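Letter by letter, the chains look like this.
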Amino acid sequence: MRHLLSTKSLSRVEAITLLDIAEDMADVANREVKKLPTLRGKTVVNLFFEDSTRTRISFEAAAKRLSADVINFSAKGSSVSKGESLKDTAQTLAAMGADGVVIRHPASGAPQVLAGSGWIDAGIINAGDGTHEHPTQALLDAFTIRRRLHGTASRGRGLDGVTVTIVGDILHSRVARSNLWLLDTLGAHVTFIAPPTLVPADTSAWPATIGYDLDAAIDAGPDVVMMLRIQAERMNAAFFPNSREYSRRWGLDDERFSRLSSHSIVMHPGPMNRGLEISSAAADSDRSTVREQVANGVSVRMAALYLLLSGDREDS
Amino acid sequence: MRHLLSTKSLSRVEAITLLDIAEDMADVANREVKKLPTLRGKTVVNLFFEDSTRTRISFEAAAKRLSADVINFSAKGSSVSKGESLKDTAQTLAAMGADGVVIRHPASGAPQVLAGSGWIDAGIINAGDGTHEHPTQALLDAFTIRRRLHGTASRGRGLDGVTVTIVGDILHSRVARSNLWLLDTLGAHVTFIAPPTLVPADTSAWPATIGYDLDAAIDAGPDVVMMLRIQAERMNAAFFPNSREYSRRWGLDDERFSRLSSHSIVMHPGPMNRGLEISSAAADSDRSTVREQVANGVSVRMAALYLLLSGDREDS
Amino acid sequence: MRHLLSTKSLSRVEAITLLDIAEDMADVANREVKKLPTLRGKTVVNLFFEDSTRTRISFEAAAKRLSADVINFSAKGSSVSKGESLKDTAQTLAAMGADGVVIRHPASGAPQVLAGSGWIDAGIINAGDGTHEHPTQALLDAFTIRRRLHGTASRGRGLDGVTVTIVGDILHSRVARSNLWLLDTLGAHVTFIAPPTLVPADTSAWPATIGYDLDAAIDAGPDVVMMLRIQAERMNAAFFPNSREYSRRWGLDDERFSRLSSHSIVMHPGPMNRGLEISSAAADSDRSTVREQVANGVSVRMAALYLLLSGDREDS
């Protein structure tokens, strides 16, 4: 693998390979010295055009556990904010010897541009681009589901027949898109539940069921219920009336949580708005995977960095 | 030791153990390669909800000398500033595998909440919480006093009978509080000198003498005079009339400095307002320990990280 | 070498030694593991009183390739911005055990003050001070020119007889000044081309030809044409009428680029204002060294850190 830009472009074999390597990386966390020498002498640049402390430190922790050097490059206050082009930034990082670039960018497609440009030879990992994709989030979600379902017998398996209901702002969510493509590739079935104002106009090409009624979706007994974060700025932009109304209709409150079928798990990419899209009882229950998702995020990012930056990196 | 939250809760044995280990750490600074492999594979997160470059880089230098990986997490611009709870932040850091968390927080008691919560198993070090405590500052102060008094024969000793006069904004100072408890535990006697507006309403439980007259305090010949930093925002809030008036009555100016008894040392936690609470002559004299305090800060923080994060960490 | 403060004070022997060591460092970039253990246990502080992500990460990459620990100290939001003196900041860094300090400061001469003060024993590298100097930029420029002219046979050589035309805001540019002194020391001849408003009032002591006509300068067939970055704030301050006018008279546009003699190279310190001081065709051509300059920047900074911080550091 040369780059990790989207889950839409991942084959089933590639996705399962990545998840399997993440299993190996998760084992490292249990060692006395939680460090592998694998990427010693490699430099990973966190190139963040948007603030995201959680994602940045997850990649930073992953890279350091593989003994890479990490350089944090926040675009704020840099020449980038003075109008330097992505091209010049990329060529600068290339010239400085960056082996991997983790990029978060407000423009959908920016990581693809970077990877396809020839400006830089480094492995590019998309850490979130506009409303497009956030592939490592989807991979850590799939990893988490697979582990919950199959435990130590997860290696080599997909998510065939698993039903996943994703609830919230589908219109703007790169997490929803990345999950959609990856879950479909792995054999799961996705149902999106959202306010009508927060569903894209044309979803005909999406391998998913679209609905508006969370209660009906819960009564269908999905294996996984994934709640998305609601951005306050959406509310202000009148996509829905107010937070109480949102919570009443599309929140996983205590009543809905109690009606979930006994085997269902509850997921959230974080950070959570407790009391808005998810109740504290749901977030903190044994069926919630919120903390596992964070831990698995480090393992999945270690796997991605390993695949892209180790000697085994493919040429195309 | 599992956490370092306050000096009030430190026993004399614990405090002296910490100071003795800091002596060993100070020796490392004289080696050709100033690094120990002790915490290799451990991750220390600097979780700063308030800016404090000096304290942050002191902990960062300490952790790196012990070969730990350091991740800086400034709450500004992070999901924390978007309303994420301390609980969710803590669980995120736990899931990412943080072994130690150095926390600076504007709310008194936040580190205690973190340590007692069960949200995270990491060792917690309080790097300043509201107006409550700043224990590593007090420990480095005690270390500095002990070294000045006993030199290389410091190990194993307390500060019995030492007289320490602390001058300035006692009302708001966590440094003053941490020093009070630790110095008392180590056998020293503390006198606080402050403007009446900058003394707490009820100090009856404090093992200290409270006074308002700096000249009288200096004529009493204390072993240590510790000047606290005056925050400009206090002046604006009318706690004292103006900087000239403050300096005239509670500043260690050249005249007062000249009247100090010949063995007294002058301390300041930094950064100093030269000409306000301390004159340049006093700050730069041989009797000033300002620079030693900074150097000792790294040693004391190495000792704390070692005690909390090495294999010897206690279970309770 | 104890400090690297300016190119004006560098002897020819010192400059060539530094460039030769940079050649060795450039070779490291081609190794499997791009790291040398040379500065293990040393601490380099990036003390930046002005934002400059490019320069900061170049030094950070250089220090990490030599296995030094790096601590980034941005003056923004620190006690420095609350009025702490350079003296107290320096003494703090000294006490924390900084072995090297890379300083960027808006005041011309600040690095010299730091180095000559006795406040700190660390090796000081000037990473840009006011309108005074930016020596590592000039060294990487000289390194780049030497490599283009002599390739692998560069070691030991100066730039005797090379003609260099530097175009742009000479008045405010520390890059221009550092290049002037270094290029002169190495035997090159410098011509400055600038709008009359952007030339210092008295250049009589400068070993350079001053002119205003870029077309004539190009027709003279210089070996090197170095375009400086135009700061938008200069334009607003009425040093020149507008960007179109600047570009028309002092920009390296496609037409002028086509008239360059066949052996000339085109340099720019970056970040570029494409279409203002340089056209994209010129910037991206084979004759442009922009990317090499960035890569060579890391090698030159490794060389400087090595000379200042390794055991071989001179005593004076």
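Conventions used here
Residues numbered from 1 in each chain as written. Chains lettered and ligands numbered in written order. Predicted model: local features only at pLDDT ≥ 70, side-chain atom pairs only at ≥ 80, totals over all residues. Heavy atoms only, no water. Axes fitted to C-alpha atoms, helices over the stretch in contact; angles between N-to-C directions. Helix = DSSP H or I, 4+ residues; strand = E, 2+ residues; numbered from the N terminus. Parallel < 35°, antiparallel > 145°, perpendicular 65-115°, else oblique. Left-handed = near helix turned anticlockwise from the far one by under 90°. Contact = heavy atoms within 4.5 Å. Nonpolar A, V, L, I, M, F, W, Y, C, P; charged D, E, K, R; others polar. Buried area = accessible area lost by both parts, 1.4 Å probe. Salt bridge = Lys/Arg side-chain N within 4 Å of Asp/Glu carboxyl O. Polar contact = N/O pair within 3.5 Å; in protein donor to acceptor, adjacent residues only side chain to side chain. Least-squares fit on C-alpha atoms with pLDDT ≥ 70 in both. Domains from an automatic or database assignment. Phe/Tyr/Trp six-rings, centres within 6.5 Å; stacked < 30°, edge-to-face > 60°. Buried < 20%, exposed > 50% of the residue type's maximum accessible area, 1.4 Å probe, protein only. Lys NZ or Arg CZ within 6 Å of the ring centre and 35° of its normal.

1. Here's the deal with the packing of helix α2 (residues 53-65) of chain A against helix α12 (residues 290-309) of chain A
All names here are of chain A. α12 packs onto α2 with a crossing angle of 55° between their chain directions and a minimal axis gap of 8 Å. As summarised for this structure, α2 and α12 are arranged oblique, according to the angle between their axes. Judged by the twist between their axes, the crossing of α2 over α12 is right-handed. Contacts between α2 and α12 pair Arg54, Thr55, Ser58, Phe59, Ala61, Ala62, Ala63 and Arg65 from the former with Val294, Gly297, Val298, Arg301, Met302 and Leu305 from the latter. Among the residues making up the contact of α2 with α12, the classes are represented as eight nonpolar, three polar and three charged.

2. Some words on the interface of chain B and chain A
Each side of the interface is counted separately: chain B has 23 residues, and chain A has 22 residues. The junction of chain B with chain A conceals about 2200 Å² of combined surface from both sides, 51% of it contributed by carbon and sulfur atoms. Looking at the side of chain B facing chain A, the largest losses of area belong to Arg40, Ile71 and Met96 of chain B, adding up to 26% of the total buried there. At the boundary of chain B with chain A, the tally comes to four salt bridges. A salt bridge links Arg274 of chain A to Asp88 of chain B, with the shortest nitrogen-to-oxygen separation between them at 2.8 Å. Linking chain B to chain A there are nine residue pairs in polar contact (both at pLDDT 80 or more). Elements represented by at least two residues in the side of chain B that touches chain A include exactly β2 (69-74) and α3 (86-95) of chain B. Residue classes in the side of chain B that touches chain A are distributed as six nonpolar, ten polar and seven charged.

3. Looking at the interface of chain B and chain C
At the interface, 22 residues of chain B touch 23 residues of chain C. Between chain B and chain C lies a buried interface of about 2200 Å² when both sides are counted; carbon and sulfur atoms form 51% of it. Between the two partners, chain B and chain C, sit four salt bridges. For Asp99 of chain C, the salt bridge is made with Lys34 of chain B, and the minimal N-O distance between the two is 2.9 Å. For the pair chain B and chain C, the number of links is nine residue pairs in polar contact (both at pLDDT 80 or more).

4. Structural notes on the relation of the copies chain B and chain A
For these two chains of identical sequence, chain B goes onto chain A by a turn of 120° and a shift of 0.0 Å along the axis, with RMSD 0.0 Å. Given the turn and translation reported, the copies of this chain are related as if by a three-fold rotation axis.

5. Thoughts on the domain arrangement of chain A
Residues and elements named next belong to chain A. When the domains of chain A are assigned, the result is domain 1 (12-134 + 294-309) and domain 2 (136-289). Where domain 1 abuts domain 2, roughly 2500 Å² becomes buried across the two surfaces, and 53% of that area is made up of carbon and sulfur atoms. At the junction of domain 1 with domain 2, the criterion picks out six salt bridges. One salt bridge connects Asp160 with Arg12, and the closest N-O pair in it is separated by 2.8 Å. Here domain 1 is connected to domain 2 by 17 residue pairs in polar contact (both at pLDDT 80 or more). Elements supplying a minimum of two residues to the side of domain 1 that touches domain 2: α1 (12-28), α2, β3 (100-105), β4 (123-129) and α12. Here the side of domain 1 that touches domain 2 is composed, by residue class, of nine nonpolar, eight polar and eleven charged.

6. Structural notes on the packing of aromatic side chains
Summed over all chains, the structure comprises six aromatic pairs over all chains. On the basis of an interplanar angle of 45° and a centroid distance of 5.9 Å, the ring pair of Tyr246 of chain A and Trp250 of chain A is categorised as tilted. Here Trp250 of chain A and Tyr246 of chain A lie together in helix α9 (residues 243-250), a separation of four residues that amounts to about one turn. Judged by relative accessible area, Tyr246 of chain A falls into the buried class, the value being 0%. Seen from the ring of Trp181 of chain B, Lys8 of chain B lies directly overhead, with NZ or CZ sitting 4.3 Å from the centre.

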